[in-house]
Amino acid sequence: MGKDTLVIVMGGRKIGIYLPGDLEELVIEYLKRHGGRSISSLVQEALRTYLMSEEIPGCNLVGYIMVLYKHGMGDIDRELTEIQHEYIGSVLFENHIHIDEERCLMTIAFRGRYSDFESLMKKVRSLRGMILVKHLCVCVD
C-alpha cells in the first residue's frame, strides 16, 4: 500500500481509503493539535458523526440544538419558549447565554422521535432573528 492509502477496521473488516496529500496533511495537523489515536480513529468518528446526522425514520434521538439569534428581534424569546412548550415531552431543558447586547446563544436538550426533532428544528429556523441553528444528536435505539 502507498502512503496515500488508509486502512481502517469497521465491523472487523478492513477497507482502504484514498486520502489526497493535502487532506492527509490536514488530518495529521488536526491529530497533532487535538490529539487522537490514529487517522483510522478520526475517520471512524467523522463517519459516525456524518451518518448519525442523517435522517433516520423512526429513530429516537438524544442531543442538543444550538441556536444563535438576535434577541431584540420582535418577540423571539417568547416565541422560542412557546415552541419548546409544544415539545414539552421531548425538550429536557434549555440554557441561554448573552453573547453581547444584540445576540444570545441558546442550547436546547432534546430526547425523542426524529420526526419531532425535525419539526422542532423547522419551527426554530423559521423565526425572524435566527442567525444560526445547528444540532448534534445521536440515535439511541
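Residues numbered from 1 in each chain as written. Predicted model: local features only at pLDDT ≥ 70, side-chain atom pairs only at ≥ 80, totals over all residues. Heavy atoms only, no water.

1. Re the overall build of the chain
Our working definition: Here a helix means four or more residues in a row that DSSP labels H or I, a strand means two or more in a row labelled E, and each is numbered from the N terminus. In this scheme, a residue with accessible area under 20% of its type's maximum is buried, one over 50% is exposed, and one in between is partly exposed, where area comes from a 1.4 Å probe on protein chains only. Whether two residues touch is decided by their heavy atoms; if any such pair falls within 4.5 Å, the residues are in contact. Computed with the Shrake-Rupley method and a 1.4 Å probe, the accessible areas treat only the protein chains shown as cover for residues.
A count of helical and extended segments in the chain gives four helices and six strands. The buried share of the chain, taken over its 141 residues, is 30%. Contacts in the chain between residues at least 24 apart in sequence constitute 65% of all its contacts with a sequence separation of at least 6. Counting only carbon and sulfur atoms, one obtains 55% of the accessible surface of the chain, whose full area is about 9500 Å².

2. A closer look at the environment of M66
Relative to the helices and strands, M66 is located in strand β3 (residues 60-70). Since its relative accessible area comes to 32%, M66 is described here as partly exposed. Once the C-alpha coordinates of M66 and I108 are considered, the two residues, 42 residues apart in sequence, prove to be 6.6 Å apart. Excluding residues within four positions of it along the chain, M66 makes contact with L105, M106, L132, V133 and K134.

3. Some remarks on the nonpolar core
To be explicit about the condition: Among buried residues, those of type Ala, Val, Leu, Ile, Met, Phe, Trp, Tyr and Cys that are joined through side-chain atoms within 4.5 Å constitute a nonpolar core.
Within the largest apolar cluster, 23 residues are counted, with the highest numbers of intra-cluster contacts made by I65, V67, Y69, L80, L120, V124 and M130. Tallying contributions element by element places helix α4 (residues 114-125) first for this core, with five residues. Counting five residues, the second-largest nonpolar core is a separate cluster that includes L19, V27, L31 and I39.

4. Considerations on α4
Counted only if it meets this: Take the residue count of a helix, subtract one, and multiply by 1.5 Å to get its expected span. The directions from the helix axis to the C-beta atoms are what the arc is built from.
Relative to the 16 Å expected for twelve residues at 1.5 Å per residue, α4 spans 16 Å between its end C-alpha atoms, a close match to the ideal helical length. Of the positions making up α4, those classed as buried are Y114, F117, L120, M121 and V124. End-on, the buried residues of α4 take up no more than an arc of 125°, which puts them together on one face.

5. With respect to the side chain of Q84
Within the fold, Q84 resides in helix α3 (residues 76-86). For Q84, a relative accessible area of 8% translates into the label buried. With sequence-adjacent residues up to four places away left out, Q84 is seen in contact with V91, E94, M106 and I108.

6. Let's talk about the confidence of the model for the chain
Inclusion rule: Per residue, pLDDT captures the predictor's confidence, and it can take any value from 0 to 100.
Summary statistics for the chain give a mean pLDDT of 86 and a share of 88% for residues scoring 70 or more. Low pLDDT, under 50, characterises residues 6-10; the stretch is placed with 22 contacts to residues that sit more than four places away or in other chains.

7. Points about the side chain of S90
Within the element layout of this structure, S90 appears in the loop between α3 and β4 (91-98). With near-sequence residues (within four places) excluded, S90 lies in contact with A109, F110, R111, G112 and D116.

8. As for the sheet that holds strand β6 (residues 130-139)
Cut-off, in case you're wondering: Strand pairing is defined by DSSP finding a minimum of two bridges between the two strands. Whenever a helix is involved, its axis is fitted only over the stretch in contact; in every case the axis is a line through C-alpha atoms, and angles between N-to-C directions fall within 0 to 180 degrees.
One open sheet holds the four strands; their spatial order is β4-β5-β3-β6, and the pairing between them is antiparallel. Each edge of the sheet is formed by a strand with only one pairing partner; in this case those strands are β4 and β6. Geometrically, the sheet is characterised by an average inter-axis angle of 15° between neighbouring strands, direction not taken into account. In this sheet, strand β5 (residues 103-113) lies alongside β4 in antiparallel orientation, the contact comprising seven bridges. Within β5, the position partnered with F93 by the bridge is A109. Here α3 sits on the sheet in contact with β3, β4, β5 and β6, set at roughly 170° to β3.

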